[in-house]
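Listed here are the chains, written in short residue letters.
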Amino acid sequence: MRRVAILLMLLALPGSAIAQLEFMTVREIFEVINFLAAHPATPADQSSVSPFGPEASETRMPESFADLAKNVLHCYHHAALYQRADITQTPWDRQGQYGGDNSALIRIRYVGAGSGDLYEMTVGLVSRQDQLRTAVVNDNSPTAWNRNCQLEKWTTLRP
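How each quantity is defined
- Residues numbered from 1 in each chain as written.
- Predicted model: local features only at pLDDT ≥ 70, side-chain atom pairs only at ≥ 80, totals over all residues.
- Heavy atoms only, no water.
- Core = buried A, V, L, I, M, F, W, Y, C linked by side-chain atoms within 4.5 Å.
- Buried < 20%, exposed > 50% of the residue type's maximum accessible area, 1.4 Å probe, protein only.
- Helix = DSSP H or I, 4+ residues; strand = E, 2+ residues; numbered from the N terminus.
- Disulfide = S-S within 2.5 Å.
- Pairing = 2+ DSSP bridges.

Chemist: Provide a residue-level description of the nonpolar core, including the pertinent values.
Modeler: Ranked by size, the top nonpolar core spans 33 residues in total, and within it Ile33, Phe65 and Ile108 carry the most contacts. Counting only elements with at least two residues in this core, the list comes to helix H3 (26–38), helix H5 (61–76), strand S1 (81–89), strand S2 (102–111), strand S3 (118–128) and strand S4 (131–139). By size, the runner-up hydrophobic cluster in this structure holds 5 residues, among which are Trp92, Tyr98, Val126 and Ala135.

Structure (structure tokens):
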């Protein structure tokens, strides 16, 4: 129980989203996004598709995307409870506005910590070389999103 409490406290720290993302490179993040955009109905249990299954790296892609979306969500809404996310557009049509090389538009559904109501935010994810940044396009929560989210600025990710 103590470990869970400590983990939750660490997740609430402002820089924790960046620390969590540093386990993946920008290239790996967009490999996951491009794979899932091409295979939107990727099942959680790959063995149900084929007894031979896909490559090991592909089986982690839905989990990796969920981890990415959770980290983005918690950067903007520290106490929100992640529900699910999907890729609505790749490349994002506003990528050029940010001078990026790769981009995606991600829809994240979450439960507000105080209200328990379901909300949705749409976030643009843009990369250039080994840097990543996000931009909130829409958020229907009555609670303002954290404008000091570190991902709002170009952030260098190191593996």
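And the narrative resumes.
Chemist: Account for the state of the cysteines, naming residues and giving values.
Modeler: Taken as a whole and judged by the stated rule, the model has 1 disulfide. The residue that forms a disulfide with cysteine 75 is cysteine 149, at a sulfur-sulfur distance of 1.9 Å. Torsion about the S-S bond of the cysteine 75 and cysteine 149 cystine: about 115 degrees, corresponding to right-handed handedness. With cysteine 75 in helix H5 and cysteine 149 in the loop between S4 and strand S5 (155–156), this residue pair connects regions lying 74 residues apart in the sequence. What makes cysteine 149 buried here is its relative accessible area of 1%.

Chemist: Mind laying out the environment of asparagine 71, listing which residues take part and the relevant values?
Modeler: On the secondary structure map, asparagine 71 appears in helix H5. Each C-alpha atom, one on asparagine 71 and one on leucine 151, is 9.8 Å from the other, the two residues being 80 residues apart in sequence.

Chemist: Outline the sheet that holds S1, listing residues and values.
Modeler: Pairing is antiparallel across the open sheet formed by 5 strands, whose spatial order is S1-S2-S3-S4-S5. Where the open sheet ends on each side, the last strands, each with one partner, are S1 and S5. Relative to S3, S2 is paired through 10 bridges, and the arrangement is antiparallel. The partner of arginine 109 across the bridge, within S3, is glutamate 120.

Chemist: Residues and numbers for the environment of serine 64, please.
Modeler: Relative to the assigned elements, serine 64 resides in helix H5. Sequence-wise, serine 64 and glutamate 28 are 36 residues apart; in three dimensions their C-alpha atoms are separated by 9.4 Å.

Chemist: Quick one: what's the story with the pairing of S4, residue by residue and with numbers?
Modeler: The buried count for S4 comes to 7 of 9 residues, which makes it a mostly enclosed element. For S3 and S4, the ladder comprises 8 bridges, and the chain directions are antiparallel. Each residue of the ladder has a partner; that of glycine 124, found in S4, is alanine 135. A loop of 2 residues connects S3 with S4, the two strands running antiparallel in sequence, and glutamine 129 in this loop sits at a positive phi of about 50 degrees. Bridge count for S4 against S5 is 2 bridges, and the pairing is antiparallel. Bridge assignment links glutamine 131 to a residue of S5, and that residue is threonine 156.

Remember that the coordinates give geometry; whether it matters functionally is a separate question.
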